[in-house]
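Each chain is listed here by its residues.
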Amino acid sequence: GKAIRALEVGSSGFDFAGKLPADPEERDAFLAERLAIPNAERIWWIAEAFRFGFSLARVGELTKIDPWFLREIQAVVAEEERLRGKALSELDAEMMRRAKAMGLSDARIAALVGASEDEVRARRKALGVDPAFKRVDTCAAEFEAVTPYLYSCYEQECEAEPTERRKVIVLGGGPNRIGQGIEFDYCCVHAAFALREDGFETIMVNCNPETVSTDYDTSDRLYFEPLTAEDVLAIVEKEKPFGVIVQFGGQTPLKLAKQLEAEGVPILGTSPEMIDLAEDRERFQRLLKELGLKQPANGTARSVDEAIRIASAIGYPLVVRPSYVLGGRAMQIVHDEKALLRYMREAVEASPEHPVLLDRFLDHAIELDVDAVADGKRVVIGGVMEHIEAAGVHSGDSACVLPPRSLDAETVAEIERQTEKLALALQVRGLINIQFAVQDGEIYVLEVNPRASRTVPFVSKATGIPLAKIAARVMAGKTLDELGVVRAPRPKHVSVKEAVFPFTRFPGVDPLLGPEMKSTGEAMGIAEDFPTAFAKAQLAAGMRLPSQGTAFISVRDRDKPEAVRIARLLIKAGFSILATRGTAEALARAGVPVEQVAKVVEGIRPHIVDRMLAGDVQLVVNTAEGEKAIQDSREIRRAALELNIPYYTTVAGGLAAAQAIAAGADPTQVKSLQAWHG
């Protein structure tokens, strides 16, 4: 039960796996297939099979799973069936304790007895059924453990032994996934370190064994529990902390903030009300108007008709996405009504309880990320990062550079002023991340997150300022003045962050970048200049830039002026240029020597993939737009990936690579981080 709800996939236990055929024979065959073929939902289908009378032997034969595990699932399903249809008032202490001991969450019991989770919790408390906490002895009983970690169960004896010290609970990030990864764990760990140094007893709550936050010596106490309201409230009741930090673990703890506050839990830092204001599109729009700040034309649609009406008023292209997501899940750029209608049908089905957000897409804009820390009265800018890829690529997938390289000092100063204005208006106490776009000299606010962002570790290493530690101390009551933090240094060196992608692990996946996040990690390069820092970041991310050979360039029409710049830089570095017909004609018109090569779909051999397989291509720059063009060029990108040829699917990335190659950047120059920061 704990492991399932810790996954954060919207499941509170062995709940309904999906729609089943009505006919018994069809249903039997359907379930047998779901059990025989491994899939992400198989554990729920196993429970469903037991509900419909599959024997233990048959499930074991179909799944090849050890019978011990299957017996445990069967026992939980049997317990659920005993509760199903009963009224909550019928559950006595013995029944409630047995259900909880079997791993059923309050939310799952609520679904079985037709009540709300709050009603089940109230009934459970009234019956005196509370979890006990057991210790995992980190010293194997050789001597007293001073770094215990604990887990809950429904037994009689509790081994928690809470102290009387002043405590802070830090809620971790839960399972790693695209959009929410180790960057948030970095912030949680630094918060624990800082508060421990300041004399607090630090208590970490997390369920991910792969993280540093769940090392038993990172905090004074570790509770290895799912990040749900039920589990966190039980810990809070036991430990009675001075406060709880929800800002550092990404979206996972943030979603709990309002519920915890409603239960009287003291939330440290920015209030849940202000976090909600920043997330709520309509309320945030009103705040921006009050502050005199701009954002792209946008609207919120709760129906297909409303989406079409808003799109007509704003104009295409549009960025569309469901509300309340992290990592740009289900985010797309749509260029016409047909594409919008198709998206609305898919997105509304995927997220029926939330509206869909529509924003005017700022084509060819420069995107920026700003990380800052505020104490409610003063704001310190940690760093302003410029995305190397233009607008349209998710911020988590875009390479970025600090300090910005394309903006003048006046624009950067105005971005910093707007950051301060927003942080003070939202009464931020702790970290804040703001994404801006600059188009034709105008600054637009894209998104505000009054929490830790995935760029905090990068900014901290680039500037030498431990932002998460400072923010934790501010959240615990210190001011920036008391901490002696006047402003973050403006380093003379250049730092580049590059995303790391898992495409080689997924045969057939198109590595084309877009507004939905795909990266699973990142790497960093530091140097005296941008070309070298970029080359270092590429090498660290697994892509060694070539120093000679042939570059293949094939881009969409609006990228052709930049393709000319890329080609000229590469020719200057001694490269030959290969291009498909449209790009080759544009390059030839600009006086760039180029050899034309056939597309795969043209049916002429050798085509571009043949040339790549023959070892004739050392660098690929390929951009595409529209379903047909994306499909036509897909084999090029896959071939580059499989042959380990450096490739770029944005002209901005291709241009940065060309600049690094033309500068003869040497990514093997090394210097310690301490030396960079003096």
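Computed from a prediction, not measured in an experiment: that's the story for all the values here. (Residues numbered from 1 in each chain as written. Predicted model: local features only at pLDDT ≥ 70, side-chain atom pairs only at ≥ 80, totals over all residues. Heavy atoms only, no water.)

### So, the overall build of the protein
Check the secondary structure of the protein and you find 27 helices and 22 strands. Relative to a compact globule of 678 residues, whose C-alpha radius of gyration would be 26 Å, the protein shows 27 Å and is just as compact. In terms of principal-axis extent, the alpha carbons of the protein reach across some 85 × 70 × 60 Å. Relative to its full complement of 678 residues, the protein shows a buried share of 56%. Summing over all exposed atoms, the protein offers an accessible surface of approximately 29,500 Å²; the carbon and sulfur share of this is 51%. The average position of the 82 basic charges and that of the 99 acidic charges among the side chains of the protein differ by 2 Å. (Helix = DSSP H or I, 4+ residues; strand = E, 2+ residues; numbered from the N terminus. Rg over C-alpha atoms; globule rule 2.2 N^0.38 Å. Buried < 20%, exposed > 50% of the residue type's maximum accessible area, 1.4 Å probe, protein only. Areas by Shrake-Rupley, 256 points an atom, 1.4 Å probe, with all protein chains shown as cover. Lys, Arg positive; Asp, Glu negative; His and termini not counted. Charge placed at Lys NZ, Arg CZ, Asp CG, Glu CD.)

### Focus: helix α15 (residues 304-314)
All of the buried residues in α15 are Ala307, Ile310, Ala311 and Ile314. The buried side chains of α15 occupy one side of the element, clustering within an arc of 100 degrees when seen end-on. The exposed residues of α15 that point more than 90 degrees off its buried face are Asp305, Arg309, Ser312 and Ala313. Directly beyond the C-terminal end of α15, a positive phi value near 95 degrees is found at Gly315. (Arc of directions from axis to C-beta.)

### Things to note about the sheet that holds strand β16 (residues 494-500)
Taken in spatial order, the seven strands make up an open sheet running β15-β14-β11-β12-β13-β16-β17, and their pairing is antiparallel. Edge positions in the sheet fall to β15 (442-449) and β17 (521-527), since each has one partner strand and no second. For this sheet, the mean inter-axis angle between neighbouring strands, taken without regard to orientation, is 25 degrees. Here helix α21 (residues 530-540) sits on the sheet in contact with β13 (400-402), β16 and β17, set at roughly 150 degrees to β17. (Pairing = 2+ DSSP bridges. Axes fitted to C-alpha atoms, helices over the stretch in contact; angles between N-to-C directions. Contact = heavy atoms within 4.5 Å.)

### Some thoughts on the domain arrangement of the protein
Split into domains, the protein comes out as domain 1 (1-127), domain 2 (132-268), domain 3 (297-360), domain 4 (369-491) and domain 5 (544-663). Between the C-alpha centres of domain 2 and domain 3 the distance comes to 37 Å. (Domains from an automatic or database assignment.)

### A look at unusual backbone geometry
Of note, the amide linkage connecting Tyr316 to Pro317 takes the cis form, showing an omega dihedral of -5 degrees. Of note in this structure, Asp440 is not a glycine but carries a positive phi near 50 degrees. Inspection of the secondary structure puts Asp440 in the loop between β14 (429-439) and β15. One non-glycine residue, Asn644, lies in positive phi territory at about 60 degrees. In this structure, Asn644 sits in the loop between α25 (627-642) and β22 (647-648).

### A short note on the pattern of salt bridges
Summed over all chains, the structure comprises 52 salt bridges. Note that Asp28 is salt-bridged to Arg58, the shortest N-O span being 2.7 Å. With Asp28 in helix α2 (residues 24-36) and Arg58 in helix α4 (residues 56-63), this residue pair connects regions lying 30 residues apart in the sequence. Asp28 gets classed as partly exposed once you look at its relative accessible area, which sits at 29%. A salt bridge links Glu159 to Lys134; the shortest N-O distance between them is 3.9 Å. Highlighted residues: Glu159 in the loop between β2 (149-153) and β3 (167-171) and Lys134 in strand β1 (residues 132-136), separated in sequence by 25 residues. Salt bridges here are not isolated pairs; linked through shared partners, they connect Lys100, Asp106, Arg121, Arg124, Lys125, Asp130, Glu230, Glu237 and Glu263. (Salt bridge = Lys/Arg side-chain N within 4 Å of Asp/Glu carboxyl O.)

### What about the sheet that holds strand β10 (residues 356-360)?
Taken together, the four strands give an open sheet; going across it, the order is β7-β10-β8-β9, and neighbouring strands pair in antiparallel fashion. At either end of the open sheet lies a strand with only one pairing partner, and these are β7 (298-301) and β9 (332-334). With direction set aside, neighbouring strand axes in the sheet form an average angle of 25 degrees. Here five bridges tie strand β8 (residues 318-322) to β10, and the two strands are oriented antiparallel to one another. Bridging from a neighbouring strand, Arg321 pairs with Leu357 of β10. Where helix α14 (residues 281-291) meets the sheet, its contacts fall on β7, β8 and β10, and the angle it forms with β7 comes to roughly 155 degrees.

### A short note on the nonpolar core
Among the nonpolar cores identified, the biggest contains 56 residues, and Val496, Phe534, Leu570, Ile608, Met612 and Val620 are the most heavily contacted of them. When residues in this core are grouped by element, the largest group, seven residues, is from helix α26 (residues 651-662). Each of domain 4 (369-491) and domain 5 (544-663) accounts for three or more of the residues forming this core. Beyond its immediate chain neighbours, meaning those up to four positions away, Ile608 contacts Phe552, Leu578, Val597, Ala598, Lys599, Val600, Val617 and Ile636. With 39 residues, the next largest nonpolar core counts Val170, Cys188, Phe458 and Ala468 among its residues. (Core = buried A, V, L, I, M, F, W, Y, C linked by side-chain atoms within 4.5 Å.)

### Points about the pairing of β3
One face of the sheet, then the other: side chains in a regular strand alternate in exactly this way. Counting buried positions along β3 yields five of five residues, so the element is predominantly enclosed. Relative to strand β4 (residues 201-206), β3 is paired through five bridges, and the arrangement is parallel. Looking across to β4, one finds that Val170 is bridged to Met204. Pairing between β3 and strand β6 (residues 243-245): three bridges, direction parallel. Pairing of Val170 across the sheet is with Ile245, part of β6.

### Some words on the packing of helix α22 (residues 560-572) against α26
Orientation of α22 relative to α26, taken along the N-to-C sense of each, is 20 degrees, at an axis distance of 9 Å. Taken together, α22 and α26 sit at an angle that is classed as roughly parallel. Here the hand of the crossing between α22 and α26 comes out left-handed. Touching Glu562, Arg565, Ile566, Leu569 and Leu570 of α22 are Val651, Gly654, Leu655, Ala658, Gln659, Ile661 and Ala662, all from α26. Each residue belonging to the contact of α22 with α26 can be placed in one class, and the counts come to eight nonpolar, two polar and two charged. (Parallel < 35°, antiparallel > 145°, perpendicular 65-115°, else oblique. Left-handed = near helix turned anticlockwise from the far one by under 90°. Nonpolar A, V, L, I, M, F, W, Y, C, P; charged D, E, K, R; others polar.)

### A word on the packing of helix α3 (residues 42-51) against α4
At their nearest, the axes of α3 and α4 sit 10 Å apart, and the two run at 155 degrees to each other. By the angle class used here, α3 and α4 are roughly antiparallel. In this structure, α3 meets α4 at a crossing whose hand is right-handed. Where α3 abuts α4, its residues Arg42, Ile46, Ala49 and Phe50 lie against Leu56, Val59 and Thr63. Taken together, the residues of the contact of α3 with α4 break down into five nonpolar, one polar and one charged.

### Some points on the environment of Ala523
With respect to the element layout, Ala523 can be found in strand β17. According to the relative accessible area criterion, Ala523 is buried, its value standing at 11%. In this structure the C-alpha to C-alpha distance between Ala523 and Glu273, which are 250 residues apart in sequence, comes to 35 Å. Not counting the four nearest positions on each side in its chain, Ala523 is found in contact with Val496, Lys497, Glu498, Val500, Ala537, Ala540 and Ala541.

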